[in-house]
Amino acid sequence: GDVGAGKTTFSRGVVQSLLDDFSVRVTSPTYLLSNHYEGENGVHVHHFDLYRLSGRKDLSTLDVPGIFPKTISLIEWPDRLGEHCPQRYIDLRIAIEPDDHRTVSISLIGPDWNHRLD
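Model, not experiment: these values are computed from the prediction.

Cut-offs and rules
- Here the residue numbers are simple positions, counted from 1 along each chain's written sequence.
- Reporting of local features is limited, given that this is a predicted model, to residues whose pLDDT is at least 70; pairs of side-chain atoms are given and counted only at 80 or more, and all residues count toward the totals for whole chains, interfaces and linings.
- Hydrogens and waters are ignored; side-chain quantities use all the structure's heavy atoms.
- By definition, any uninterrupted DSSP run of H or I lasting at least four residues is a helix, any uninterrupted run of E lasting at least two residues is a strand, and each is numbered from the N terminus.
- Two strands are counted as paired when DSSP detects at least two bridges linking them.
- To obtain an axis, a line is fitted to C-alpha atoms, over the contacting stretch when the element is a helix, and the angle between two such axes runs from 0 to 180 degrees between their N-to-C directions.
- The term salt bridge refers to a pairing of a side-chain nitrogen on Lys or Arg with a carboxyl oxygen on Asp or Glu at a separation within 4 Å.
- Throughout this description, buried means an accessible area under 20% of the type-specific maximum (1.4 Å probe, protein chains only), exposed means over 50%, and partly exposed covers the range between.
- Only four residue types enter the charge count: Lys and Arg as positive, Asp and Glu as negative, with His and the chain ends excluded.
- Polar contact criterion, stated in full: a pair of N or O atoms within 3.5 Å, where within protein one must be able to donate a hydrogen and the other to accept it, and residues adjacent in sequence count only if both atoms are side-chain atoms.
- For this analysis, residues touch if any pair of their heavy atoms sits within 4.5 Å.
- Note on aromatic pairs: the rings of Phe, Tyr and Trp (six-membered ring only in Trp) are paired at centre separations within 6.5 Å, and the planes decide the class, stacked below 30 degrees, edge-to-face beyond 60, tilted for the rest.

**Q** Now, about the environment of arginine 25: what can you tell me, with residues and values included?
**A** Following the sequence through the fold, arginine 25 ends up in the loop between helix H1 (7–19) and strand E1 (34–38). Once the C-alpha coordinates of arginine 25 and valine 15 are considered, the two residues, 10 residues apart in sequence, prove to be 9.5 Å apart.

Right, dumping it as structure tokens:
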């Protein structure tokens, strides 16, 4: 979604829910590009904001290919992943409507979602 659509607010709720800890401070990784959260329940979550990504060099410092298989990843501005985009992911789009409400659309991309959702 656009700047201000609520991506970080959504990510905050997801991270806190996955870690089962609503006291965790979840902030926008805009300037750091990535924040890592580890819960006492053993769950690892990476939250990426690739808006400021300036090229492949920046992406390589994040070790995206090494992170994806090991953790849950929330990615703002995923179009900047290019060839590093995983084969299977959930695409969630947040649109700001004229009345300032939000519309959320969810798409399951890639193979084996029926198996994953059972």
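**Q** Quick rundown of the sheet that holds strand E2 (residues 44–49)? Include the residues and the values.
**A** The 3 strands lie next to each other as E1-E2-E3, forming an open sheet whose pairing is mixed. Looking at the sheet topology across the chains shown, the edges are occupied by E1 and strand E3 (72–76). Strand-to-strand twist across the sheet, computed as the mean angle between neighbouring axes with direction ignored, equals 15°. Inspection of the sheet shows E1 paired to E2 by 5 bridges, in the antiparallel sense. Within E2, the position partnered with asparagine 35 by the bridge is histidine 47.

**Q** Before we move on, could you go through the pattern of salt bridges and cite the residues and values that matter?
**A** Taken as a whole, this structure holds 2 salt bridges when the rule is applied. A salt bridge links aspartate 91 to arginine 93, with the shortest nitrogen-to-oxygen separation between them at 3.0 Å. Here arginine 93 falls in the partly exposed class, since its relative accessible area comes to 47%. Residue arginine 102 pairs with aspartate 100 through a salt bridge whose shortest N-O separation is 3.3 Å. Take arginine 102: its relative accessible area is 35%, and that puts it in the partly exposed class. A relative accessible area of 54% means that aspartate 100 is categorised as exposed.

**Q** Before we move on, can you summarise the environment of glycine 42 with the specific residues and values?
**A** Among the structural elements, glycine 42 can be located in the loop between E1 and E2. The class for glycine 42 is partly exposed, based on a relative accessible area of 49%.

**Q** Break down the side chain of glutamate 76 for me, citing the residues and quoting the values.
**A** Within the element layout of this structure, glutamate 76 appears in strand E3. One buried charged residue, glutamate 76, remains without a salt bridge, the closest side chain of opposite sign being lysine 7 at 4.5 Å. A distance of 2.6 Å separates the side chain of glutamate 76 from the side chain of histidine 47, its partner in a polar contact. If sequence neighbours within four positions are ignored, glutamate 76 has contacts with Lys7, Thr8, Ser11, His47, Phe48, Asp49, Leu50 and Tyr51.

**Q** Give me the packing of aromatic side chains: which residues, what numbers.
**A** Following the criterion strictly, the structure yields 2 aromatic pairs and no others. Taken together, a centroid distance of 6.3 Å and an interplanar angle of 90° make the contact between phenylalanine 48 and phenylalanine 68 edge-to-face. Linking phenylalanine 48 in strand E2 with phenylalanine 68 in the loop between helix H3 (64–67) and E3, this pair joins segments that are 20 residues apart in sequence. Residue class for phenylalanine 68 comes out buried when judged on its relative accessible area of 19%. Each ring, one from tyrosine 51 and one from tryptophan 77, has its centre 4.9 Å from the other, and the planes form 50°; the classification is tilted. Here tyrosine 51, found in the loop between E2 and helix H2 (56–61), pairs with tryptophan 77, found in the loop between E3 and strand E4 (89–96); they are 26 residues apart in sequence, far enough to count as distant. Its relative accessible area of 42% is what places tyrosine 51 among the partly exposed residues.

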